[in-house]
Structure formats: C-alpha cells, structure tokens
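Now for the letters of each chain:
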Amino acid sequence: MTRPARPGGASPHARGEVMSQADLLDSRTAWLRLAAIVALSTIGGVGMWSVIVALPYVQAEFGISRGAASVPYTLTMLGFGAGGILMGRLTDRLGPMKPLLGATLMLAAGYALAGLAPSITVYTVAQGLLIGMLGASAAFAPLVAEASLWFRRRRGIAVAIAASGNYLAGAVWPPVLSWLIGAYGWRTAHLVVGAICLVTMLPLALLLRARAPGTHGGGLQKDAGEGRPFGLSPTGATVVLSTAGIACCVAMAMPQVHIVAYCGDLGYGVARGAQMLSLMLACGIASRLASGLIADRIGGLRTLLLGSVLQGLALSLFLFFDGLASLYTLSALFGLVQGGIVPSYAVIVRESFPASEAGTRVGIVLMATLVGMALGGWLSGVIFDATGSYAAAFLNGVAWNMANVLIVTTLLLRRRARLATA
C-alpha cells in the first residue's frame, strides 16, 4: 500500500533528499569545499594585484604619466566587477565549476597577451577584458556567494574565509611578482603567472562539481531575508548598498593601489612598497577572519559600520606620517581595520535577500566595491599628477569614507526603526 504524501506534496523519498541536503550545511563537506574556494581565490586573485606591482615598470617602459599608467588598473577593476555579475549569474544557473574552467583559460590567455603587449593599449585590453572581466572575476564574488550557500550557523566566518582568499593573493603575489620582475622583467613575469594559473586552477575547479544544497530542484534554501530590506524595495536596497560600497572602496584604494608608487616617490624603492602592500593585505586576512566572527554575533551591517569608522581613522594617519618605519606600521594598521569591510557586504546581502539571488546580488554589490577601487585608484593618480604629491589624494579618500559612514549609519537606523514598529 502506498503511503499518502504529506501536505505540500513531498514524497518520503523527496523529504529524505531534502534532509540529506540540509545535513550538508556547516558539514565537513562544506568546510572542505571552502578550502578549495580559498585556494582558487588565492591563485585567481593575482589578477587584481599584479597590475599594481607592475604599474611603475609599465609606466617607465611605455613613457606615460602616472594617471595614464593607472588606467589598466581601473579597467581591470571595472572588468572584475562586471565579470563578477556575469559569473555570478552563470554560477546561479550552472554551478561554479563550468564558469571557473572557462575563466581559467581566459586568465592564462590574458597574462600571455599582457606579457607580449606591444603597446599600453594592448596591455590595457589584456588586463581589463581577459584578466579582469573574463578571468579573475570568477574567483571572487561568485565564490564568496557559493560559500554562503553551504553554511547557516557559521555563515559569517565562512564568507570571511572565502573573501580572505583575495587578500591572501594580495599577501602572496606582490613579493613573488616583485622578485620575478626584478629577476626576469615584467613581461616574463606575466607569462609565468599565466602558466601557474592554468596548471593549478583547472584541477581545483573540478573539485566544485557538486551544486550547493537546495539550489537544483529543492526548496531547502528558500530562506529569504527581509521582504523590504531597510524599508526599501529590493532594487532600492541593492542600489544603496552599492553606493556605500563605492564610497568605502574609493577610500580603500588610495593606500592599496598607490603604496608601491608612493614608496618609490619617497625614495624608499618600489620593493619596499611591495612589501608594505603584502603586509597590508596579510593583516587584512586577520581582519577578515575577525570580522566574520563579529558578524556572526552582531550582524553584517554593524560589522560594516565598525570597519568603515576604523578605516577612516587609519587612512587619516597617512597624512601625518611618511617615514619608512611609520609606513610599515600604518600599512599593517590599515590592513587590520579595513579587511572586514568587503565581506560584510556579502553577509548583509545574505541577511536581506533570497538565497536564489545570492550569486547575482552579491556580484552586483561587490562589483560596486570594485568600481570604488577602480575610481579611487584612478582619482588618486590624477590628483597626484595635478598636485605633485599624494596628500590631496589621501584627503579625497577620507571624504569618501565619511560618505560611507553616513550611508551605513542611515541604513542601521532605518532597520532599527522597522524592528521597533514590527
């Protein structure tokens, strides 16, 4: 005799399948998958950082201004952001493996083209289109969103760990690239990086064949956040979060993008600047992990506000200290206070929107942070060209950071008002 289905139409077999999927959340499988995500993000994240280390060498070879030399970085970041949305949508539909396999090929091709580029135009296209948009973008926002789908109780720390792969790339790659460029030149260094990405990322991508629990025919992950996040429509909330992301990352870009060139201008040498960038991003890893633990306790929005306030304070100190020891100290401090900002946006999105939109929504908001990085990197170069120093560029960053604090504070007050009237 056939057992009747329970209300909702799910058969016992189907219910058993859902339960088995639920067991995957926060499981050993989820943590092993997270390790693969971090490895992919660390390797593929080179696309964001190699252009910074190569900036003074590319400027010297092609005989261009600092502002013009910053354009490849700007387009790389814009491409990285737009590609994050594209790859996020593909990941929502196909899972992460197939987009990653294609992106790995594009990343390797981009580094080959950049290393052989006969002009700054070709180098810029290689960076912005192949490396940024079609390559490295698949190793950040889509993977952060993917990690969030495999965790529930420990979502904050999981997202922070996934996002740390990008900063781990920033800690590992600059000294490696600095050594490669010093020993073999920036062109050969690009060819070597492309080969490394090809042989390491392809097998790692194959480890992500399985789909996240409940994202392919199940109803497990239909837990949405607020119907109207912060009292806004979903589109309105996304726009406001994106605006906040632009503002905070314009500020963040000043030290991260120009610390190598800044040290060269001060007479300390670009190798010292690469060390400072590596130190900054290594400390950013600790910051991201700590922010994940904090977000699991106080939520993503409060964590974002805390990080933004501390970032503004640390950025202000660059206006008063430019000695070698001071810059090392400030680089470490800046990394420690700002590293948790970007993953906080991913946590906020998962708290406020349905899981079925995770890849796309996280991609949009993280694209905005990358637009901010791109804008901040370009603006700092232009301000330097106009003033002959970075003082005004640091002030510009502080002003943008204040705008971010205002936006996030407003969102927090709106959420509190909604909870009070609920």
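Since the structure is predicted, the reported quantities are computational estimates derived from the model, not experimental observations. (Residues numbered from 1 in each chain as written. Predicted model: local features only at pLDDT ≥ 70, side-chain atom pairs only at ≥ 80, totals over all residues. Heavy atoms only, no water.)

Draft legend 1. Expanded view of the overall build of the protein. Across its full length, the protein holds 16 helices and zero strands. In terms of overall dimensions, the protein is globule-like: its C-alpha atoms have a radius of gyration of 22 Å, near the 22 Å expected for 422 residues. In terms of overall dimensions, the protein has C-alpha extents of about 85 × 50 × 30 Å along its principal axes. The contacts of the protein with a sequence gap of at least 6 include a subset with a gap of at least 24, amounting to 84%. Total accessible area on the protein stands at roughly 16,000 Å², and carbon and sulfur atoms take up 68% of it. (Helix = DSSP H or I, 4+ residues; strand = E, 2+ residues; numbered from the N terminus. Rg over C-alpha atoms; globule rule 2.2 N^0.38 Å. Contact = heavy atoms within 4.5 Å. Areas by Shrake-Rupley, 256 points an atom, 1.4 Å probe, with all protein chains shown as cover.)

Draft legend 2. The state of the cysteines, seen in detail. On inspection of all chains with the given rule, the structure shows zero disulfides. As a non-bridged cysteine, cysteine 248 has cysteine 249 as the owner of its nearest cysteine sulfur, 3.7 Å distant. By relative accessible area, cysteine 248 is classed as buried at 0%. Among the cysteines around cysteine 263, which has no disulfide bond, cysteine 283 carries the closest sulfur, lying 15 Å off. Using a relative accessible area of 0% as the deciding quantity, one classes cysteine 263 as buried. (Disulfide = S-S within 2.5 Å. Buried < 20%, exposed > 50% of the residue type's maximum accessible area, 1.4 Å probe, protein only.)

Draft legend 3. Region of interest: helix 8 (residues 155-184). Between its first and last C-alpha atoms helix 8 spans 43 Å; for 30 residues at 1.5 Å apiece the expected length is 44 Å, and the two agree. In terms of residue burial, helix 8 counts as a mostly covered element, since 21 of its 30 residues are buried. Taken from the residues just after helix 8, glycine 185 is the one with a positive phi, measuring 95°. (Expected span 1.5 Å × (residues − 1).)

Draft legend 4. Seen up close, the packing of helix 10 (residues 234-266) against helix 14 (residues 341-352). Here helix 10 crosses helix 14 at 170°, and the two axes come no closer than 11 Å. If you check the angle between helix 10 and helix 14, you find them roughly antiparallel. Contacts between helix 10 and helix 14 pair Leu241, Ala244, Gly245, Cys248, Cys249 and Met252 from the former with Ile341, Val342, Tyr345 and Ile348 from the latter. Considered class by class, the residues forming the contact of helix 10 with helix 14 number nine nonpolar, one polar and no charged. (Axes fitted to C-alpha atoms, helices over the stretch in contact; angles between N-to-C directions. Parallel < 35°, antiparallel > 145°, perpendicular 65-115°, else oblique. Nonpolar A, V, L, I, M, F, W, Y, C, P; charged D, E, K, R; others polar.)

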